[in-house]
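The chain contents come next:
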Number of protein chains: 2
Amino acid sequence: MIEPIEQLISQLSHLPGIGAKTAQRLALHIVQQDAESVRELAVSIYQAKKSVTFCSVCGNMTDVAHPVCSVCTDARRDDSIICVVRDVRDVMAIERVHEYRGKYHVLGGTISPMNGRGPDDIAIAPLLKRLEKGNVKELLLATNPDIEGEATALYIAKLAKPYNVRVTRIAHGVPVGGDLEYTDDVTLARAIAGRRDLF
Amino acid sequence: MIEPIEQLISQLSHLPGIGAKTAQRLALHIVQQDAESVRELAVSIYQAKKSVTFCSVCGNMTDVAHPVCSVCTDARRDDSIICVVRDVRDVMAIERVHEYRGKYHVLGGTISPMNGRGPDDIAIAPLLKRLEKGNVKELLLATNPDIEGEATALYIAKLAKPYNVRVTRIAHGVPVGGDLEYTDDVTLARAIAGRRDLF
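Residues numbered from 1 in each chain as written. Chains lettered and ligands numbered in written order. Predicted model: local features only at pLDDT ≥ 70, side-chain atom pairs only at ≥ 80, totals over all residues. Heavy atoms only, no water.

## Details of the sheet that holds strand β4 (residues 102–106) of chain A
All names here are of chain A. Spatially, four strands are ordered β4-β3-β5-β6 in an open sheet, and the strand pairing comes out parallel. Sheet topology places β4 and β6 (166–169) at the edges, where each strand pairs with a single neighbour. On average, each strand axis in the sheet is inclined to that of its neighbour by 25°, with strand direction left out of account. Helix-sheet contacts for helix α6 (residues 124–132) involve β3 (78–85), β4 and β5 (138–141), and the interaxial angle to β4 is about 150°. (Pairing = 2+ DSSP bridges. Helix = DSSP H or I, 4+ residues; strand = E, 2+ residues; numbered from the N terminus. Axes fitted to C-alpha atoms, helices over the stretch in contact; angles between N-to-C directions. Contact = heavy atoms within 4.5 Å.)

## What about the nonpolar core?
Ranked by internal contacts, the top residues of the largest apolar core, which has 73 residues, are L12(A), I45(A), L12(B) and I45(B). Those residues in contact with I45(B), other than ones at most four positions away along the chain, are L8(A), I30(A), V38(A), L41(A), A42(A) and I45(A). (Core = buried A, V, L, I, M, F, W, Y, C linked by side-chain atoms within 4.5 Å. Buried < 20%, exposed > 50% of the residue type's maximum accessible area, 1.4 Å probe, protein only.)

## Here we look at the pairing of β6(A)
Bridging between β5(A) and β6(A) involves four bridges; their strand directions are parallel. Bridging from a neighbouring strand, L141(A) pairs with R169(A) of β6(A).

## Here's the deal with the environment of V84(A)
Residues and elements named next belong to chain A. With respect to the helices and strands, V84 occurs in strand β3. Relative accessible area serves as the criterion here: at 0%, V84 is assigned to the buried category. With 22 residues separating them along the chain, V84 and V106 place their C-alpha atoms 6.1 Å apart. Residues within four places of V84 in sequence aside, it is in contact with H105, L107, L127, L139, L140, L141, A142, T143 and I156.

## Some points on the side chain of S51(B)
Tracing the backbone shows S51(B) in helix α3 (residues 35–51). Judged by relative accessible area, S51(B) falls into the buried class, the value being 13%. Excluding its chain neighbours within four sequence positions, the residues that come into contact with S51(B) are P4(A), T62(B), D63(B) and V64(B).

## Description of the side chain of T152(A)
With respect to the element layout, T152(A) can be found in helix α7 (residues 147–160). Other than its neighbours up to four places away in sequence, T152(A) contacts L107(A), T110(A), I111(A), I122(A) and T143(A).

## Examining the interface of chain A and chain B
In this assembly, 47 residues from chain A lie in contact with 47 residues from chain B. Of the roughly 4300 Å² buried where chain A meets chain B, counting both sides, 77% is carbon and sulfur surface. On the chain A side of the interface with chain B, the three residues burying the most area are I2(A), I45(A) and K49(A), jointly 15% of the side's total. Where chain A meets chain B, there are zero salt bridges. In this assembly, chain A and chain B are joined by seven residue pairs in polar contact (both at pLDDT 80 or more). Broken down by secondary-structure element, the contributors of at least two residues to the side of chain A that touches chain B are α1 (3–12), α2 (20–32), α3 (35–51), β1 (52–54), β2 (61–63) and α5 (88–96) of chain A. (Buried area = accessible area lost by both parts, 1.4 Å probe. Salt bridge = Lys/Arg side-chain N within 4 Å of Asp/Glu carboxyl O. Polar contact = N/O pair within 3.5 Å; in protein donor to acceptor, adjacent residues only side chain to side chain.)

## Structural notes on the relation of the copies chain A and chain B
Rotating chain A by 180° and translating it 0.0 Å along the rotation axis places it on chain B, where the RMSD comes to 0.1 Å. What we have between these two chains is a two-fold relation. Among all C-alpha atoms of chain A, that of A42(A) lies closest to the rotation axis, at 2.2 Å. A high fraction, 100%, of the interface residues of chain A reappear at the interface in chain B, so the copies pair face to face through one surface. (Least-squares fit on C-alpha atoms with pLDDT ≥ 70 in both.)

## As for α6(A)
Residue pairs spaced three or four apart in an α-helix point in one direction, given the helix's 3.6 residues per turn. All names here are of chain A. Buried residues of α6: I124, L127, L128, R130 and L131, and no others. The buried residues of α6 all sit within an arc of 155° when viewed along its axis, so they share a single face. Set apart from the buried face of α6 by more than 90 degrees, the exposed residues are A125, K129 and E132. Packing partners of the buried residues in α6 comprise β3, β4, β5 and α7. Trailing α6 by a residue or two, G134 shows a phi angle of about 90°, which is positive. (Arc of directions from axis to C-beta.)

## Structural notes on helix α5 (residues 88–96) of chain B
Of the residues making up α5(B), those classed as buried are V88(B), D90(B), V91(B) and M92(B). Against α2 of chain A together with β1 (52–54), β2 (61–63), β3 (78–85) and β4 (102–106) of chain B lie the buried residues of α5(B). The distance from a side-chain oxygen at the start of α5(B) to the backbone nitrogen of R89(B) is 3.1 Å, and the residue carrying that oxygen is D87(B). Positioned one or two residues after α5(B), H98(B) has a phi angle of 55°, which is positive.

## Quick notes on the sheet that holds β3(B)
Residues and elements named next belong to chain B. A sheet is described by the order of its strands in space; here four strands give the open sequence β4-β3-β5-β6, paired in parallel fashion. The open sheet terminates on both sides in strands that have one partner only, identified here as β4 and β6 (166–169). Across the sheet, the mean angle separating the axes of adjacent strands is 25° when strand polarity is ignored. Each of β3, β4 and β5 (138–141) touches helix α6 (residues 124–132); the most contacted strand, β4, lies at about 150° to it.

## Description of the pairing of β5(A)
Residues and elements named next belong to chain A. Every second residue of β5 is oriented toward a common face, with E138 and L140 on one face and L139 and L141 on the other, all of them buried. Strand direction decides the pairing type here: β3 and β5, joined by four bridges, are parallel. Looking at the pairing, C83 lines up with L140 of β5.

## Quick look at the domain arrangement of chain A
Split into domains, chain A comes out as domain 1 (3–53) and domain 2 (74–197). Computed over C-alpha atoms only, the centres of domain 1 of chain A and domain 2 of chain A are separated by 34 Å. (Domains from an automatic or database assignment.)

## With respect to the packing of α5(A) against helix α2 (residues 20–32) of chain B
Two quantities define a packed helix pair, namely the angle between the helix axes and the distance between the axes. Interaxial distance between α5(A) and α2(B) falls to 10 Å at its minimum, and their mutual angle equals 135°. Between α5(A) and α2(B), the angle falls in the class oblique. Residues V88(A), R89(A), M92(A) and R96(A) of α5(A) touch α2(B), and the partners they reach there are K21(B), Q24(B), R25(B) and L28(B). Looking at the contact of α5(A) with α2(B), its residues break down into three nonpolar, one polar and four charged. (Parallel < 35°, antiparallel > 145°, perpendicular 65-115°, else oblique. Nonpolar A, V, L, I, M, F, W, Y, C, P; charged D, E, K, R; others polar.)

Encoded structure:
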């Protein structure tokens, strides 16, 4: 095959969730586009990387002109509660539902001994430094409800204890619109254990 | 959200098979890479587009230095047989199995009235011009075995009749390694109708 195409296929297949077949389809799609749209795609990739950095306080995404992100600088947001999440996408998901009005802390991963990622490889130390300042009253642990997310949440909960903050975890239960019959056993058990009074 | 990121997500979601969620995941992955790998990705996209064009004879992919592709210029390949395919990916798939040693013709699509694509929108006229030259003995129609592919094959077969060539179609049947029980009815019926003598 033509070498620059092979090069492009190899580059694309390094992207998450893009296998060899998809990379090939994308590469062929790209070379069949007009030169202008291809240039736009290449430029927007480069431009996005150049103009984005990560908040020096919480690790959320921010533009390079503002080293502290828009959530951290927003005075209307409650800075006595910090929501701890795995990555920027989780911030975006939570922001989308307009339910949470506190601050964030992005870990940049979860503790995963299987993948050689320990507590020092994610942003736990900066989180403890934020707790040290003393004005935080609640730590809402919103890591994923999977094994690594749970382990990370428990680990942080333990470390946060001496700081005298309320440590909470997002609720586990049956998803809205879900079907009891098809809910897995662990989720169903948690949904029952975590039942709430209606009146 | 930061504007260049939105721009990138929108650009990525125009790629085939990439939805809004995947585009977002890819964009966030990209901005979290180091600047050098992002530059490489952007450059390889631009470079691939710049160095690839399509063969003036058969429509296959070729590098800009060679307006006629490596298959068309290969004197060892039989030019009395033309394999007609929908797009470049099909050429790559057929080349991979090393079973076919003739030439190709890439249509660049199939006839699809539902999508407003008629016979004039794909490379049928150039194919007929190749048949006019008279040295083609067989036309192997290898469009996909779906409704559009079948319709396109039949349409071309009709047009090719006056040129006095043998018109063939790739065999339909049970895939190797497949399971009779789970084969759909149409395929099974074709596999029986197209049965071959073993001795």
